[in-house]
Structures are given as structure tokens and as C-alpha cells.
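# Geometric and topological summary
Spelled out from the first residue to the last, the chains are:
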Amino acid sequence: MAEPSAPESKHKSSLNSSPWSGLMALGNSRHGHHGPGAQCAHKAAGGAAPPKPAPAGLSGGLSQPAGWQSLLSFTILFLAWLAGFSSRLFAVIRFESIIHEFDPWFNYRSTHHLASHGFYEFLNWFDERAWYPLGRIVGGTVYPGLMITAGLIHWILNTLNITVHIRDVCVFLAPTFSGLTSISTFLLTRELWNQGAGLLAACFIAIVPGYISRSVAGSFDNEGIAIFALQFTYYLWVKSVKTGSVFWTMCCCLSYFYMVSAWGGYVFIINLIPLHVFVLLLMQRYSKRVYIAYSTFYIVGLILSMQIPFVGFQPIRTSEHMAAAGVFALLQAYAFLQYLRDRLTKQEFQTLFFLGVSLAAGAVFLSVIYLTYTGRCYHLYAKIHIPIIASVSEHQPTTWVSFFFDLHILVCTFPAGLWFCIKNINDERVFVALYAISAVYFAGVMVRLMLTLTPVVCMLSAIAFSNVFEHYLGDDMKRENPPVEDSSDEDDKRNPGNLYDKAGKVRKHVTEQEKTEEGLGPNIKSIVTMLMLMLLMMFAVHCTWVTSNAYSSPSVVLASYNHDGTRNILDDFREAYFWLRQNTDEHARVMSWWDYGYQIAGMANRTTLVDNNTWNNSHIALVGKAMSSNETAAYKIMRTLDVDYVLVIFGGVIGYSGDDINKFLWMVRIAEGEHPKDIRESDYFTPQGEFRVDKAGSPTLLNCLMYKMSYYRFGEMQLDFRTPPGFDRTRNAEIGNKDIKFKHLEEAFTSEHWLVRIYKVKAPDNRETLDHKPRVTNIFPKQKYLSKKTTKRKRGYIKNKLVFKKGKKISKKTV
Amino acid sequence: MGARGAPSRRRQAGRRLRYLPTGSFPFLLLLLLLCIQLGGGQKKKENLLAEKVEQLMEWSSRRSIFRMNGDKFRKFIKAPPRNYSMIVMFTALQPQRQCSVCRQANEEYQILANSWRYSSAFCNKLFFSMVDYDEGTDVFQQLNMNSAPTFMHFPPKGRPKRADTFDLQRIGFAAEQLAKWIADRTDVHIRVFRPPNYSGTIALALLVSLVGGLLYLRRNNLEFIYNKTGWAMVSLCIVFAMTSGQMWNHIRGPPYAHKNPHNGQVSYIHGSSQAQFVAESHIILVLNAAITMGMVLLNEAATSKGDVGKRRIICLVGLGLVVFFFSFLLSIFRSKYHGYPYR
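Just so it is clear, the model here is predicted, and its values are computed rather than measured. (Residues numbered from 1 in each chain as written. Chains lettered and ligands numbered in written order. Predicted model: local features only at pLDDT ≥ 70, side-chain atom pairs only at ≥ 80, totals over all residues. Heavy atoms only, no water.)

Residues and elements named next belong to chain A. Tallying each qualifying case throughout the model produces 26 salt bridges over all chains. For Arg 109, the salt bridge identified is with Asp 127, shortest N-O distance 3.0 Å. Note that Arg 109 is positioned in helix H5 (residues 103–117) and Asp 127 in strand E1 (residues 126–127), a separation of 18 residues in sequence. Of the charged contacts in the structure, one is a salt bridge between Arg 731 and Asp 659, with a shortest N-O distance of 2.9 Å. Here the residue Arg 731 occupies a position in the loop between strand E8 (727–728) and strand E9 (733–734), and Asp 659 occupies one in the loop between strand E7 (645–649) and helix H31 (660–674), the gap between them amounting to 72 residues. With respect to burial, Arg 731 and Asp 659 carry one shared label: buried. Ionic contacts of the salt-bridge type, sharing partners, join the residues Glu 191, Lys 239, Lys 242 and Glu 428 into one network. (Salt bridge = Lys/Arg side-chain N within 4 Å of Asp/Glu carboxyl O. Helix = DSSP H or I, 4+ residues; strand = E, 2+ residues; numbered from the N terminus. Buried < 20%, exposed > 50% of the residue type's maximum accessible area, 1.4 Å probe, protein only.)

So this is what it looks like as C-alpha cells:
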């Protein structure tokens, strides 16, 4: 069976379902050719990494440590931002400032709509260019945070008379926000551990490939800003748990609101924070601070999240949000019991306590049952049974290679950070431990959720490294800052105004450590430091390489390299979309597989039938059915759908593996799911169960619309002298059906490298021509009718009276 | 069709008889003889059929699936006098074939056959059998079959058609799907009865009772719940399991390792970056754990109070663990990810 594989595909697109999917995609086949940008970003990344641990060592030696320290951290953060920003620019430098992939095109299009028509127009936008007969209510079915952010920046810049095109704002939004992400990671890690770890974490997240994969310049997608919102919300949450102040909690709610408006992943927050509170309760770490923080957060956050039209009433209806409500109730009950304990006698309290506990246990039990039967089962069901979900490459489990590829050294060292956190546990480290465990689980289940794992891996690795550097980098005697054990300890250290020690607090460890620290010797220390720095250097180099090679291809523009290193740009997609834009009617309807829907709408500005917002499975199945039926049946479907043009992607000429023939089996499967009578997947295989396009292939495949459109006149083309005409380079086979004729379609456009082929659907003829000979009838009667009526004979006469003829047998043999 | 065809043939024969010239009387005699012989053949055929069915029934009373070799296959499945449908699983169950799919398919097939064997509708119209590649290689060659497992239905009359081969790749080999397919081909409806799987429940009960017993035994001293090291260990285990791709193994079910059939070399590392073996993920798990332990030891060496020499050794061991195992990990990654330029 065709093994679904996801060759480093980071964005939502159909899987290649054919056995050739392992073949390289041209877009990804560049090896080790660093452009000028690579070098510069490389230096920046490498340069930012080593100075990170410095504050721990320097801070003690200078007369005014606070000033130096803040200057240094400011510089490091700025450099981290710069390094992160510049290493995301490979695609812009190599190609141009262009929106990548598929989903970003939709985001760009709606941002453009927002920028040109205003906010309310955008909220009420009914897009009649998508899902052709149905249309799509865009305002109510998107997370508007991304578009509003970009639109706002555009508006501000234009108000300041800095004229920037909205496209450039969109292209550079994600790299800019990556800097904000590193700052919020710094803040969060500083709350969890100390400033040194925070700076390390900021540098890590600036360049780690797991995050870059979704935030290169041009990848204008929700995740680009959502990770910032996620980290910032967590920072504010930790802050509010620590302080118990309503102010911080309200900030947290606002940040949560931003997150809800930006990405569906907000569900992760609304489950993780209640989990944190729940575990704190279990650990008997309940305090008034937790009570204030969570009660405020839950109520205000709930109300705010319901303001997003797309979310609406989900937070009080769906199972994903029930855990938060349950924990809210539990916390109230717990607080109430605490209150009663002060008021009641022990005996009374015990009975009440048992009553309360049993009630709460019952409620939790019921909610768990509810959750399992509504939420989880549905997801499992969806995963197994709906081919459209299975067909998306990012919904696959994760191999260890992907972990290592995206995180490199961090994936091996972050468990150490987790270990340190749990060993020195406090309220907020409980949070980070839960964050790490849940995120690593989700990342294991689905490749795309690597994104939520990346920030916590950066933080914990930074803690591990900073721990090591703290002990091995500085001189022995200059150890004034012991590892921070208590959260409030660090609070007053950062507050310059708060110069006195709190009453009753003893600065312990200092004398002890000075005594024990004198061992080990400078040699070992410097060796350890050097090796650790080497590891970090390798990390920086790896990150740059991965970014440059795997994550910086726009996939709208492909590039291939010759043997001497010169580059060919294959700009077929844009060529074809531009042709559509220029040469077709403004309201022409273009049918294609759903992967290309957003691009057609965004670049060609034409109406599409299905697109990457895969909300209507039956519609997609109908398109799949049209593609996989023969021409006559497909024509009927296309007539009912008012299709004017059909667009297919064909990679056989240049060996592009992500083309429609390789995705074809998914079309068949999805069509079969809805129309099991007409389409059967087994018809498209050879009797041996292979999917072949050559002569041995199944006749159903060789005559289906997709095959005919892909290979129309390909049989006349000889690519190479060593191969026969009609040799498909992607499948490495000579095609089986070279004599392809169309009746209802005609070729309208084929791009330079045949990558995109567009066919026009002919209108039915005015007068239908018959494909058989007209029936011949005798027009002239054999004999003229003569009336026998005369004035004399007035008898009646039967006109065509049957006459018996006897004795003569009409036999056909004689004829 | 056959019923209509037979009389017409007889009529033709009669007509031909009538027009036979008188001189060819010996011919007539020969024909008569032939007819008698044919009738005898019919009888013999019936005997043979009854014999075969009896033999099959006897086998199936002993076990629900009987194994076939080349001779038996030809006798019971290929040879024409049959009035029963036969479902055959072509498989390779020998351990050296390393066909994990075959084993799973076999289990499902057993379930199906048992459901049929012990159902009230059991009759001699449908039998289940299997051909192992190592026992009936000739059968595989004869049917031009090059993949296992394959399920085929041999109808009572005629050759198996295209739909008589079960489409394993598309529908999978769940017993229910097989039953549906059989119902489609033979009109025999089998209600699949799965022996309830208690192993999960038992394991859970065991775990719960173990934990409960432990808590009960230690009820006076519940300190260990507050033991941070224990909790840290548990969370690290989860993390290592996930980062080494155990979830991928769980969902995809790869083989433990790959043995090259030509030279017998066992490879533990999958050559492609898209897949992995179970053994490989275990190796990675150990490597990750070793690196983490190295980091912890480095920290331990610096913070613990004790003999300086001992701490130096701990420090060096920790450093060695980190550096050595990380280079090892990197080299494995390099071997899998072709074109990775750094060591």
C-alpha cells in the first residue's frame, strides 16, 4: 500500500498517496548552497549564542551590577531579535517578498480586504469567490487576529506617512513577531528560573527550527503570531499566580483574548491553566493568590473569548472547555471549605467535608465521562474514518527524526531542565512541568503540534544549560547569586526600589557554597564550558542549515540547481495564475483540487469550487468524483457545478512529486466516501494492487479525467533521448494512454514546464449533434391515394386496410 | 444457463443421430458406449464430491481453519467437483518471514473462522483454509501471487473472479470486513463473535490493586508521594517515550528491526528519515536519557558537597556522557537524513 509520507511538509496540503512520494521535490532539493543571507544570518545566530551566559559571570564583578545587567540583557535580547528576524529572511533574499504556501494566501487576501474595505466590511464579508455555489461567510469563520494585527500595523504606518504595501506588512509580520516571542519567552523563563536562563531561552527560541518552520518571512499564518500570544499569556498567568494581583490577571485575560482571536490553539491554554490549578490543589499548594488568579481569569477570559464571532458560544458548549468550568467549580468549593474550616468545629467540618468531597468527586467523574464520550471519541473517529483528515500531511504522528530535526540538542537536554524544575518545585515550576509533559504528548501524536512543544523545550533547555554555565563559567569566589529557590526571593532582587531584605528571610547557601565551590579547578571548568559552547555552536549551525534548506521555500516558486550551482527558477504557478487573471472572464469558475483553492483565489482572483478551508466534505467529494470519473460523467458534474476552467498540476516533465497524479488516490478515496456506487478505489489499481500509469495500469485510471488532463499530448513529447516519448519523470514510467482526445474540454493553457495545465470546459453546442446516423424513414408514400368515391359508389372505404397476402413467405435469407 | 443449454445439446445429438448414415453403425455403438461411460463418470464424481465434503467436514470438526499444501490445494480447491465455497488465506507465518501483518491478519481470520465454526448456521457450504508460503510455494507460483497475506474466495462453480480476491489494502483485514465480503460473495452471513479481550481490563485492575495495595501497606508513611525524585522520574519517562517516537510506533506498528533476506544482516536503523524501527526508537530513548543524565551529573558535581576528587570524576563522567552520546546521536541522525552536512 502506498505509505503516506510527509516530506518535511510544514503546511497543510494533501499527502502524496502514490509510491513515488519518496522522490524528491524539486523545491526541497537544494543542498548546502548558502546564499549571502545564509552567511550573515549564520554569523548573527552564532554571535548571539555565546554571550548569553555572560551576565551570571559579569554581574558580580562590576560595581553597579544592576545597570550593567540590564544593559547586557537588553543588548542580548535585541541581538536575539535581530538574529531571529534575519534568519527568517532566506526566502525573501533568494526569491522575493512573496506570500508562501497555501493558507497564507487566504490570510493575505482577507487582510487585503480588511485594509481596503475597513473592519466592519471585513467582519461582514461574504466571499462569493469561494466554494462556488455556496460561498463562504469569511468574517464568521476565521480567527481574525492575524488580519487585524497586520491591518493595524499597515494603518499605523500609513498614518505616519510611511507608505508600505499591505503585502510587505504580511510578509514581514511573522519574523517581527518572532522577536516578541523571544522577549516573552525571556520574561516567562525569568519568572521560572532566573535571568540568565531567560536570556538563553530567548536566544534559543529566536533560531530554533521548530518555530521557524511556521514563521519564515512570507509564511503569513496564524501560528506566527499565536506563539507570541501563547507565551505572553503564560508569562502573565505565572505572574498573576505569583502575585495574586487582579491587575496581572486582567493583563493575562487580555492576552488570552488576543490568543483566542488569533489561533484555534487557544484550547491548549484553556486546558493547561485549569490543569495547573487542579494539580496545585492536589499538591495542597492552594493559596489566595491562586484563587484570585483563576477565578478572575476564568470569568473574564470566558467572556472575552466569546466575543470572537468564530468562537461564539463554544466555550460553554463544547467538551474542550468543560475542564476549565469543572476546575472553576472545584476551586470555589475548595475555597468555601477552607472558609468553613475557620468557622466550624472539627466534627461539623468533617461531615461537611465528606459530603463536599463526594459531591465533587461525582461531578468530576460525570464530567470525565462526558468528555470521553463527546470529545475524545469524536476526534479518534475523525482520525480514522474521514479521509480528508487522514489525507492532510501534518496530521501524522512524529518520528524521533522530526524531533531531532526541529530541536537538535534541545530535545536531549530539556529533560534535564525538567528534572531541575521538579527537584526544586514551586507553584510556577509545576506549571512548566505540566506544560512540558502535555506538549510533548501532543507533539508525539501530531507533527504540527511540534509548534506548541518548541517554546517549552527552549525554556527548559535554557534552564539546564544555564544551570551548568552558572556553576562552571564564573570564578570560584564570585558566587553571590545562588540559584533562586524561592519565587519571592527573585522578586525583590529585580525591584531596585526594594533594597531591603524581607523580614525573616535569611540569605542562605551563600557561605556554604563558597566553601564547597573551591574544588573542581579551573581546568575542568573551562573544558566543560568550552564543550558546552561547542554544542551551542553546533545548534546554531544546525538551525541555520535547517532554516535555509527545509523551511525557506515558498512552494509557489520552485527552484532547481544545475550541476555547476546555477539556479533555475520555475515560476509556473504564478505564470498560470496570471494567465487566468488576464485571459478569463472575471466571474469564471475554476475547478481544481482543494490544495490550490486559496492560491487561485488569491493570485488569479477567480472563483473556486473548493479550497483549503475543508469545511464541506461532500463538495470536495463531488470535485474528486469529477476528477476520477471518465470525461462524459465528469462533464455532467462540471455542468451542474457551472465549471468554466479546470486546473491541474502535473509534475511529470520536471519530476515534481507533489502533483495531482500523486495525490490522486486521495481524491478517489474522498469521492468514494460520498459516492460509493460510482467510484471504487479498487478500480484504479491493477489486479496486482499497484497504482500504475503505464500500459499495465487499470483502464479506469487511464481514462479518467485527471489522467487525461495531466497527460494530454504528453505522448508526443520526448524529454530525453534516452527515454521514449511520453516518459513521466515523476513516476519513472512511460504513460499508458498516449492517444488522448477530448470531447467536452479543450486545452486552454499549459505553463512553461507543464506544471500547471488549464482546460476550458466547452459549452454545449447550440444544436446537439447526433453521434449516430439519423433514422431513415420513408417520407414519400409508396402509392398515391386515389379516392374511389364517386357519385355512384357511395360505399365507405377503409384507408390503409390490411390486406392478407397468402402463399408468399417473406424470409430474410433471400435478401 | 446450464439448464437451458443441456437439452438443446441433446436435441442436436438426436438430430445428428437421425441423419447418421446406416453404414456407420459401429460409430453409433461407440457413442452409446461413451454415454454409458459418461453416466458412470457422473456417479463417480458424486462419490468423489461426497468424499471430499466428508473429509472437509471431518477436518473442520477438528479445527476451524485447515492448512493446505500444494496437493491438498489442487484436490480440494482447484479440482472441479465442488459444491462448497472455500475461503483461502495465503500467508507467510513462519517467523523467519517476519511478516507482522500476516500474524495480525491470521488472528482476525481465526476469529472469523471460529465465529463461523461455532455458529448455529454452520453447514458444509463454506470452509476456511489457509496456505502458508513455506508449505505451498507451488500454489503461490501457480496463482501468480507475490504478496501475502491475501484472501481469496473460490466459488463452487467456475474460476474465481476479480472480486473474489479480498481487497486487503483498501478495507483492511478486520474480521467484520471479511465477513461482509464473504456475505457479498457467498450469501453466507457470519456474525463475528470476538472473544472479549480482558487483557486490558486485567492489566488495569492489576495496576490499580497494586497501587492500592502499596498505598495500604505504606499507609502510615505516605511521604513517598511527596518524593520529588519519583515524580521527576515519571515525567522524564513520559518525555523520553514521546521524543523517541513511541507514539509513532504505537500508531504505525513498524517491525522491531529489519533483517536483510540476502545476507542475513540485521539493521536496527531505518534508512529513511520518514520511518523508524522499534529497536531504533529504543536506542534513541537510551541516548536521550544518557545525555540528560550527563547534564544532571554535571550539575550534581558542581553543587553537591563532598570529596573534591569524587566530584571531579562525576563531572568528567557527566561531560563524557553528554559529548559521546550526543555525537553518537548526531551520527545516527546523519545516517538517516541524507545530505546532512555536519558531524
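Let's shift gears to the packing of helix H20 (residues 400–407) of chain A against helix H23 (residues 450–472) of chain A. Residue and element names in this part refer to chain A. Orientation of H20 relative to H23, taken along the N-to-C sense of each, is 50°, at an axis distance of 11 Å. Here H20 lies oblique to H23, going by the angle between them. Classified by chirality, the crossing of H23 by H20 is right-handed. The segment H20 lies against H23, with Ser 402, Phe 403, Asp 406 and Leu 407 engaging Met 450, Leu 453, Thr 454 and Val 457. (Axes fitted to C-alpha atoms, helices over the stretch in contact; angles between N-to-C directions. Parallel < 35°, antiparallel > 145°, perpendicular 65-115°, else oblique. Left-handed = near helix turned anticlockwise from the far one by under 90°. Contact = heavy atoms within 4.5 Å.)

With that out of the way, let us pick up the interface of chain A and chain B. Of the residues lining the interface, 65 residues belong to chain A; the matching set on chain B comes to 60 residues. At the boundary of chain A with chain B, total buried surface from both sides reaches about 5,800 Å², with 71% on carbon and sulfur atoms. Remark: the boundary between chain A and chain B carries zero salt bridges. Along the contact surface separating chain A from chain B lie seven residue pairs in polar contact (both at pLDDT 80 or more). Breaking the side of chain A that touches chain B down by element, the ones donating at least two residues are H20, helix H21 (409–423), helix H22 (427–445), H23, helix H25 (510–516) and helix H26 (521–549) of chain A. The element contributing the most residues to the side of chain A that touches chain B is H21(A), with twelve residues. (Buried area = accessible area lost by both parts, 1.4 Å probe. Polar contact = N/O pair within 3.5 Å; in protein donor to acceptor, adjacent residues only side chain to side chain.)

A few words now on the pairing of strand E4 (residues 150–154) of chain B. Residues and elements named next belong to chain B. Across the five residues that make up E4, a large majority, five, are buried. Side chains of E4 alternate between two faces, with Thr 150, Met 152 and Phe 154 and Phe 151 and His 153 buried alike. Taken together, the five bridges between strand E2 (residues 85–91) and E4 define a ladder with antiparallel strand orientation. Across the sheet, residue Phe 90 finds its bridge partner in E4, namely Thr 150. (Pairing = 2+ DSSP bridges.)

A few words now on the packing of aromatic side chains. In this structure the tally under the stated criterion is 64 aromatic pairs over all chains. When the centroid spacing of 5.5 Å and the interplanar angle of 85° are considered together, the rings of A:Phe204 and A:Phe539 count as edge-to-face. On the criterion of sequence distance, the pair formed by A:Phe204 in helix H10 (residues 195–207) and A:Phe539 in helix H26 is long-range, its members being 335 residues apart. Grouping residues by exposure puts A:Phe204 and A:Phe539 together as buried. In textbook terms, an aromatic cluster arises when at least three aromatic residues are bridged by ring pairs, as seen for A:Trp400, A:Phe404, A:Phe405, A:Trp545, A:Tyr551, B:Phe326, B:Phe333, B:Tyr337 and B:Tyr340. (Phe/Tyr/Trp six-rings, centres within 6.5 Å; stacked < 30°, edge-to-face > 60°.)

So, about the environment of A:Ile600. Inspection of the secondary structure puts A:Ile600 in helix H28 (residues 597–604). Along the sequence, A:Ile600 and A:Lys423 sit 177 residues apart, while their C-alpha atoms lie 54 Å from each other.

Below, the discussion takes up unusual backbone geometry. Residue and element names in this part refer to chain A. Although it is not a glycine, Asn 605 sits at a positive phi angle of roughly 60°. Along the chain, the position of Asn 605 falls in the loop between H28 and strand E6 (607–608). At Asp 642, a position not held by glycine, the phi torsion is positive, near 60°. Note that Asp 642 resides in the loop between helix H30 (631–640) and E7.

Residues and elements named next belong to chain A. Tallying each qualifying case throughout the model produces zero disulfides over all chains. No disulfide involves Cys 251; its sulfur sits 8.6 Å from the nearest other cysteine sulfur, which is in Cys 252. What makes Cys 251 partly exposed here is its relative accessible area of 22%. (Disulfide = S-S within 2.5 Å.)

The domain boundaries assigned to chain B delineate domain 1 (43–186) and domain 2 (227–336). Once you take the C-alpha centre of each, domain 1 of chain B and domain 2 of chain B turn out to be 46 Å apart. (Domains from an automatic or database assignment.)

Residue and element names in this part refer to chain A. Taken domain by domain, chain A comprises domain 1 (73–468) and domain 2 (569–761). On a C-alpha basis, the centroid separation for the pair domain 1 and domain 2 is 39 Å. If you look at the interface, domain 1 gives 23 residues, while domain 2 gives 33 residues. Interface of domain 1 and domain 2: buried area, both sides summed, is about 2,500 Å²; carbon and sulfur atoms make up 64% of it. Between domain 1 and domain 2 we count one salt bridge in total. The shortest N-O distance in the salt bridge between Glu 96 and Arg 574 comes to 2.7 Å.

This next bit is on helix H15 (residues 288–305) of chain A. All names here are of chain A. The first and last C-alpha atoms of H15 sit 25 Å apart over 18 residues, in line with the 26 Å expected at 1.5 Å per residue. For H15, the full list of buried residues reads Val 290, Ala 293, Tyr 294, Ser 295, Thr 296, Phe 297, Tyr 298, Gly 301, Leu 302, Leu 304 and Ser 305. For H15, the secondary structure elements touched by its buried residues are helix H12 (222–243), helix H13 (246–262), helix H14 (266–282), helix H16 (314–317) and helix H17 (322–343). (Expected span 1.5 Å × (residues − 1).)

Another point: the sheet that holds E2(B). Paired through their backbone hydrogen bonds, the strands of a sheet run either parallel or antiparallel. Residue and element names in this part refer to chain B. What the four strands build is an open sheet, ordered E1-E3-E2-E4; its pairing is mixed. Sheet topology places strand E1 (65–68) and E4 at the edges, where each strand pairs with a single neighbour. Ignoring which end each strand starts from, the neighbouring axes of this sheet average 30° apart. Taken together, the four bridges between E1 and strand E3 (residues 126–132) define a ladder with parallel strand orientation. Within E3, the position partnered with Phe 66 by the bridge is Ser 129. Relative to the sheet, helix H3 (residues 70–78) contacts E1, E2, E3 and E4, its axis offset from that of E1 by approximately 120°.

This next bit is on the pairing of E3(B). Residues and elements named next belong to chain B. Within E3, seven of the seven residues are buried, which leaves the element mostly enclosed by the surrounding structure. Side-chain alternation along E3 places Leu 126, Phe 128, Met 130 and Asp 132 on one buried face and Phe 127, Ser 129 and Val 131 on a second face that is also buried. Here E2 runs beside E3; their pairing, made up of seven bridges, is parallel. Looking across to E3, one finds that Thr 91 is bridged to Asp 132. One crossover worth recording links E2 to the parallel E3 by way of helix H4 (residues 100–117), and it is right-handed. (Right-handed = clockwise from strand over helix to strand, strands pointing away.)

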